[in-house]
Amino acid sequence: MSGQWEEGKPRPAVQWLKDSLPLKESDQVRFKTTENKATLMIKNVKKENEGKYTLSLDNKINRKSFHIFVVTLGPPSKPVGPIRLDEVRADNIMISWDEPNDNGGGDITCYIVEKRDTSQSNWKMASSHVEGTQFRVPNLIKGVQYQFRVCAENRYGVSEPLISQMVIAKHQFRPPGPPGKPVVYNVTNDGMTIQWEKPIYDGGTPIQGYHVEKKEKNSIMWQKVNTVLIKEMDYRILELIEGLEYTFRVYAQNDAGFSRMILLVSLYPPGQPDYIDVTSDSSITLSWTPPTSDGGNPIQHYILEKREKKTVRFYKVITKKPIIECAHKVLNLSEDMEYEFRVMAVNDAGVGPPSNISLPIKAAEPKDIPCAPSVVCVSDSTNTSISLEWTKPVDDGGMEIIGYIIEMVKGEGTEWKRVNEELVSETNYVVKGLQTGAEYKFRVAAVNHIGRGEDKEIPEPAQAVDRLTPPQVDIDATFKQTHIVKAGSSICLGIHFRGKPIPSATWVKEEGELSGMSEITTIDGYSSLSIENCSRYDTGKYTVNLENSSGSKAVTFVVKVMDTPGPPEAVAFKEVSRGSVTLVWKPPVNDGGARIHHYIVERREASRRTWQQSGGKCTQGILKIQDLLEGVPYFFRVSAENHHGLGEAFELTEPVIATAEPSSPKRLDIIDTTDNSVLLGWLKPEHDGGSRIQGYLIEARPKGGDKWVVVGNTKNLTFAVEKLNKGDEYDFRVKAKNEAGYSLPKKTLAPVLVKEPHIEPAADLSEIPNQLITCRSGSTFTIDVPISGRPAPKVSWKLEEMRLKNSDRVTIKVTKDRASISVKEAMRGDGGKYYLTLENVTGTKTFTVEVNVTGRPSPPSGPIEISSISSESCIVNWQPPEDDGGTDITNYIVEKRESGSTAWQLINSSVKRTSLHVGHLTKYMQYTFRVSAENRFGVSKPTESETIVAEHPFCKCYPQVFSFFEIMWFYTTLIHISNLTIITTL
């Protein structure tokens with residue numbers, strides 16, 4: 001590239017720029033400049049050399065720029081990923097991808113798709129000429145794990161490959177569920193027709209058809225009946241042998257395989273129905289015998305059919321519940337009409353053949369009183385009432401039940417008393433006015449127009465007490481815990497509950513609060529939460545908490561609203577330079593229930609209202625926006641889009657100017673003031689203009705003044721402006737500086753008064769639990785307390801009433817915000833209350849910390865008293881130590897020493913009291929005792945007693961005559977024992 005000019009004086013300075021940034025020479029890039037020509041040469045051109053080149057000529061009189069756009073031709077960049085697995089099947093997989101961000105200067109002609117079995121290293125060609133960005137990879141092996149890669153191709157070459165994740169070739173759906181229970185009909189001597197219901201679960205893909213197999217009884221071999229796939233849900237089986245029993249099975253088929261098989265086992269018909277009761281309310285009670293064979297599967301229930309006499313077609317008898325007994329009462333018959341009946345048995349394999357037809361039965365019979373109710377039970381109770389429920393009599397006596405009579409007897413009584421004055425028409429009743437805690441028996445009888453029927457008594461006595469039950473939830477077939485709705489729709493979350501006392505119901509949302517469009521309704525054991533006009537913000541988990549005095553229960557619902565995405569998060573400028581900005585952001589917290597396809601970035605000039613899209617559809621969280629006008633402020637906003645549409649935008653509240661200078665610093669704050677200084681602090685600029693921030697310029701001016709004066713430069717985010725006049729007010733401002741120059745200034749919001757603030761002193765003792773420090777004797781303890789106050793307070797320490805200063809053992813330290821005192825080689829006397837006094841012009845405050853120096857106790861208090869001395873024992877008494885060492889005395893240690901010996905003998909090392917009975921002494925032996933006190937830190941020094949002789953106290957004696965040999969023996973013994981001189985007086 002070269003530029004040539006005809007004139008220009010003085011000779012202009014030449015500068016080359018690429019994408020508005022200065023270009024530097026290197027081994028690849030060379031500059032050449034002559035008198036009227038400037039040349040830029042680039043060797044071994046690469047893709048990154050593409051862009052806008054600018055030749056700038058500047059001779060200080062004028063400055064001109066000339067732009068040259070260079071396009072580098074070459075292979076495209078690799079396709080934009082990830083590779084999506086749109087449809088996975090056992091023999092093929094549909095994949096898709098996005099076009100490359102860079103087409104290499106030429107149109108994409110095609111894509112190359114390759115596949116690889118992950119157990120092998122070599123890639124195989126799937127297709128070398130795919131025109132779109134989607135391709136179905138064929139000829140895959142079921143159950144094998146594959147990986148795919150895609151390359152883009154233009155006329156200049158092939159791109160780097162984009163590689164997919166690993167995927168196993170298998171169906172995304174499953175085999176279907178089993179067909180419904182088969183039913184046999186149209187049985188002839190050589191064939192029959194079986195019919196079944198469609199499976200409840202199709203496996204996620206349509207049912208293709210059905211298969212039927214048969215097996216003769218006592219055979220183990222199954223034979224396929226159908227030669228082609230059965231499309232209908234019934235099939236006629238022919239060529240059966242008359243008199244043989246057969247078992248059939250049916251199974252469904254879809255793309256994923258075959259369902260579980262459902263068996264149909266041949267059944268014998270039940271016995272012929274016969275009537276056992278005919279009533280006047282147009283009903284007949286029938287009975288029959290079960291089949292002689294259940295077909296190898298238990299009988300589930302029976303199907304009863306009826307027809308009027310002399311008619312051909314049978315009709316099924318409609319029942320509320322399946323008939324499981326071999327008897328049934330047929331209702332709603334025409335009185336005086338004759339009917340015929342037949343019955344069929346049903347098991348898991350299907351419906352058996354019908355029984356023989358009954359004889360004609362006429363619906364008419366004489367009237368009678370009703371029988372007793374089938375069941376009578378207690379359903380609830382309180383301190384003063386009991387609730388009863390019962391079932392209607394099986395036989396109403398041929399006439400309508402007009403009501404019921406309830407009777408009761410208290411405790412062990414025998415006289416039944418009627419409870420209800422008028423007949424009860426319902427099958428439940430609450431007996432009130434009962435004695436709390438008393439037991440009662442109840443019985444119920446039905447009444448028709450003939451009279452009162454038989455009684456039915458409750459199984460056991462009932463007590464009139466409150467029944468407390470924790471909350472319970474009633475769930476039916478319509479209950480759903482997960483609800484998926486579209487935006488703008490309404491939703492109702494409901495729950496049926498019970499408990500006693502009646503539980504309270506509260507609704508909460510797991511993350512956040514319930515929306516203003518929600519409405520909670522709780523009445524008669526049912527609570528619901530309704531939300532109108534749902535939006536993405538209604539997505540989440542909702543919990544209903546049921547609670548009473550007996551317990552609690554919680555049920556959680558999940559709501560997912562399909563909506564457009566929420567606003568992207570953390571939108572900010574990564575880079576701002578002359579003519580361009582780079583925006584970054586994070587995905588929305590709420591994606592609207594669908595994958596984010598791309599983002600839309602828009603801009604508008606601050607002086608305009610219309611928004612203009614910048615760049616294309618961006619799939620990443622970053623976009624560089626170019627060709628912005630220098631010096632023009634722009635607003636930007638970013639929106640996410642999913643398949644529901646474009647979501648809510650995140651708009652930056654402050655405009656940005658695409659300039660090479662940095663933006664102004666953020667948040668200029670006054671950190672501190674003194675009588676002659678101000679400490680300023682600020683945050684980094686929103687953007688650095690494309691080059692590193694070199695430092696900050698701080699300026700000041702007196703309040704009301706016009707001239708700003710530079711007071712300092714710094715690379716930090718704080719600066720102390722000193723040598724100010726006390727009592728004056730100043731304005732301050734800060735500018736950021738980079739290679740291109742200074743930013744716009746950031747100014748203080750109001751003038752700052754230069755004055756030391758007056759704050760009363762304070763100390764924070766929260767770091768010292770209970771304001772108590774415990775220390776072992778001989779170790780070092782430290783009291784370190786955070787302090788505050790303006791001006792800085794004067795600090796002094798006292799122990800009780802003694803003022804403390806620095807010494808060999810005591811160290812006092814004071815900083816701006818902490819005061820501490822340390823004492824080395826602590827003694828018991830160093831314990832007590834330490835007073836910290838803080839004083840400044842605002843006043844004086846004193847704070848207290850207690851120190852407990854623990855150690856061994858002092859010796860027990862003497863003297864040690866010896867009492868009750870005898871020739872074998874004595875009692876040793878002493879007083880507790882004056883100093884217990886800061887903790888309780890755990891025990892005393894008592895020792896003895898015989899005269900003539902230096903060794904002490906242990907008597908007892910765990911004495912709890914201050915006295916001890918000492919036994920096993922030797923008569924006439926001299927003893928000395930000593931006692932030591934012990935706590936958990938050690939044993940004290942001992943306290944010794946005076947010496948005593950183990951002998952009986954002196955008493956009144958009478959003369960006694962001893963022989964010479966007795967006197968010599970006594971004399972010798974005393975010398976041996978005490979080594980003393982004995983004077984014997986006879």
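Residues numbered from 1 in each chain as written. Predicted model: local features only at pLDDT ≥ 70, side-chain atom pairs only at ≥ 80, totals over all residues. Heavy atoms only, no water.

Tallying secondary structure elements over the protein gives one helix and 84 strands in all. In summary, the protein has a C-alpha radius of gyration of 52 Å against a globular reference of 30 Å for 986 residues, an excess of more than 25%. Overall, the protein is about 150 × 140 × 65 Å in size when its C-alpha atoms are taken along their principal axes. Burial status across the protein gives 40% buried among its 986 residues. A separation threshold of at least 6 residues defines the contact pool for the protein, and within that pool the share at least 24 residues apart is 63%. Counting every atom, the protein has about 57400 Å² of accessible surface; 49% of that belongs to carbon and sulfur. With 118 positive and 124 negative side-chain charges, the protein shows a spacing of 8 Å between the two charge centroids. (Helix = DSSP H or I, 4+ residues; strand = E, 2+ residues; numbered from the N terminus. Rg over C-alpha atoms; globule rule 2.2 N^0.38 Å. Buried < 20%, exposed > 50% of the residue type's maximum accessible area, 1.4 Å probe, protein only. Contact = heavy atoms within 4.5 Å. Areas by Shrake-Rupley, 256 points an atom, 1.4 Å probe, with all protein chains shown as cover. Lys, Arg positive; Asp, Glu negative; His and termini not counted. Charge placed at Lys NZ, Arg CZ, Asp CG, Glu CD.)

This part takes up unusual backbone geometry. With omega at 5 degrees, the peptide bond leading from G81 into P82 counts as cis. Secondary-structure assignment places P82 in strand β8 (residues 80-88). Geometrically, the link from R790 to P791 is a cis peptide bond, its omega value of -10 degrees lying close to zero. Its place among the elements puts P791 in the loop between β69 (781-790) and β70 (794-799). Phi at N44 takes a positive value of approximately 50 degrees, unusual for a residue other than glycine. For N44, the location among the structural elements is in the loop between β5 (37-42) and β6 (51-58). A residue is classified by how much of its surface remains accessible, and N44, at 67% relative accessible area, is exposed.

Among the surface-exposed residues, K794, K798, R803 and K805 lie close enough to one another that they form a single positively charged patch. Here K798 shows up in strand β70. On the basis of relative accessible area, K798 is assigned to the partly exposed category, the value being 34%. (Patch = residues over 30% accessible without salt bridge, like charges linked within 9 Å, V, L, I, M, F, W, Y side chains within 5 Å. Salt bridge = Lys/Arg side-chain N within 4 Å of Asp/Glu carboxyl O.)

Attention shifts here to the UniProt feature "domain: Ig-like" (unreviewed entry) in the protein. Here, the residues flagged by UniProt with the feature "domain: Ig-like" (unreviewed entry) are residues 1-67, 471-556 and 745-854. A distance of 63 Å separates the end C-alpha atoms of residues 745-854, which is 0% helix and 58% strand. (UniProt positions renumbered as here; feature names shortened; annotations may be inferred.)

With that settled, consider the pairing of strand β59 (residues 678-683). Relative to β59, strand β58 (residues 666-673) runs antiparallel, the two sharing five bridges. Bridge pairing in β59 places T673 opposite V678. Where β58 folds back on β59, the antiparallel hairpin that results is connected by four residues. Sheet analysis places β59 next to strand β62 (residues 718-721), joined by four bridges and oriented antiparallel. Within β62, the position partnered with L680 by the bridge is F719. (Pairing = 2+ DSSP bridges.)

Right, let's talk about the packing of aromatic side chains for a bit. A full pass over the atoms with the stated rule returns 19 aromatic pairs. A centroid spacing of 5.7 Å and a plane angle of 80 degrees characterise the contact between F573 and F636, whose relative ring orientation is edge-to-face. Here the residue F573 occupies a position in strand β49 (residues 569-577), and F636 occupies one in strand β54 (residues 633-642), the gap between them amounting to 63 residues. Taken as a pair, F573 and F636 share a single burial class, namely buried. Centre to centre, the rings of Y730 and F732 are 6.2 Å apart; their planes meet at 35 degrees, and the pair counts as tilted. Neither residue differs from the other here; Y730 and F732 are each classed as buried. Put simply, the rings of F479, W507 and F557 touch in pairs and so form one group of aromatic residues. Between K215 and the ring centre of W222, over which it is positioned, the NZ or CZ distance is 5.5 Å. A cation sits over an aromatic face here: R249 above W222, 4.0 Å from the ring centre. (Phe/Tyr/Trp six-rings, centres within 6.5 Å; stacked < 30°, edge-to-face > 60°. Lys NZ or Arg CZ within 6 Å of the ring centre and 35° of its normal.)

This part takes up the sheet that holds strand β17 (residues 183-185). Spatial strand order, β17-β18-β21: three strands in an open sheet with antiparallel pairing. Of all the strands in the sheet, the pair left with one neighbour each is β17 and β21 (234-237). On average, adjacent strands in this sheet sit at an angle of 25 degrees to one another, irrespective of strand direction. Direction of pairing for strand β18 (residues 192-195) relative to β21: antiparallel, over a ladder of four bridges. Pairing of M192 across the sheet is with I237, part of β21. (Axes fitted to C-alpha atoms, helices over the stretch in contact; angles between N-to-C directions.)

According to UniProt, the feature "domain: Fibronectin type-III" (unreviewed entry) maps to residues 79-172, 178-268, 269-366, 372-472, 567-662, 664-757 and 859-953 in the numbering used here. This span, residues 372-472, is 0% helix and 46% strand, and a straight line between its end C-alpha atoms measures 33 Å. Along residues 859-953 one finds 0% helix and 54% strand; the C-alpha atoms at either end are 30 Å apart.

Glancing now at the nonpolar core. Of all hydrophobic cores here, the largest spans 25 residues; its most connected members are F781, I783, W797, Y834 and L836. Secondary-structure elements contributing two or more residues to this core are β68 (772-776), β69, β70, β73 (818-823), β74 (832-840) and β75 (843-854). With residues near it in sequence (within four places) discarded, W797 still touches I783, M802, R803, L804, I812, A819, S820, I821, Y835 and L836. V581, I596, Y599 and L652 belong to the second largest nonpolar core, which has 20 residues in total. (Core = buried A, V, L, I, M, F, W, Y, C linked by side-chain atoms within 4.5 Å.)

Here the focus is the pairing of strand β9 (residues 93-98). With five of six residues buried, β9 is to be regarded as a mostly interior element. Judged from the five bridges that link them, β8 and β9 form a sheet pairing that is antiparallel. Paired with L85 across the two strands is I95, which belongs to β9. The sheet contact formed by β9 and strand β12 (residues 134-137) spans four bridges and is antiparallel. The partner of I95 across the bridge, within β12, is F135.

One can find S26 in the loop between β3 (21-22) and β4 (29-33). For S26, a relative accessible area of 33% translates into the label partly exposed. Along the primary structure S26 and I42 are separated by 16 residues, whereas in three dimensions their C-alpha atoms are 9.4 Å apart.

Here the focus is the side chain of S822. The residue S822 is located in strand β73 in this model. Residue classification places S822 among the buried positions, given a relative accessible area of 19%. Polar side-chain contacts of S822 include one of 2.9 Å to the side chain of T782. If sequence neighbours within four positions are ignored, S822 has contacts with F781, T782, R809, V810 and T811. (Polar contact = N/O pair within 3.5 Å; in protein donor to acceptor, adjacent residues only side chain to side chain.)

Attention now moves to the environment of Q771. For Q771, the location among the structural elements is in the loop between β67 (759-763) and β68. Assessed through its relative accessible area of 32%, Q771 is described here as partly exposed. Sequence separation between Q771 and P565 is 206 residues, and the spatial gap between their C-alpha atoms is 55 Å. When residues no more than four places from it in sequence are discounted, the contact partners of Q771 are L765, T848, V849 and E850.

With that out of the way, let us pick up the environment of M344. With respect to the secondary-structure elements, M344 resides in strand β30 (residues 338-347). Under the relative-accessibility criterion, M344 is labelled buried at 11%. Residues M344 and A570 lie 226 residues apart in sequence; the distance between their C-alpha atoms is 72 Å.

Take the sheet that holds strand β80 (residues 915-918) next. On the basis of which strands lie adjacent, the open sheet formed by three strands has the order β76-β77-β80 and antiparallel pairing. For this open sheet the edge positions go to β76 (860-867) and β80, each flanked by a neighbour on one side alone. Put simply, the sheet's adjacent strands are angled 20 degrees from each other on average, direction ignored. Pairing geometry for strand β77 (residues 874-881) and β80, over four bridges, is antiparallel. Following the sheet pairing, C874 is matched in β80 by V918.

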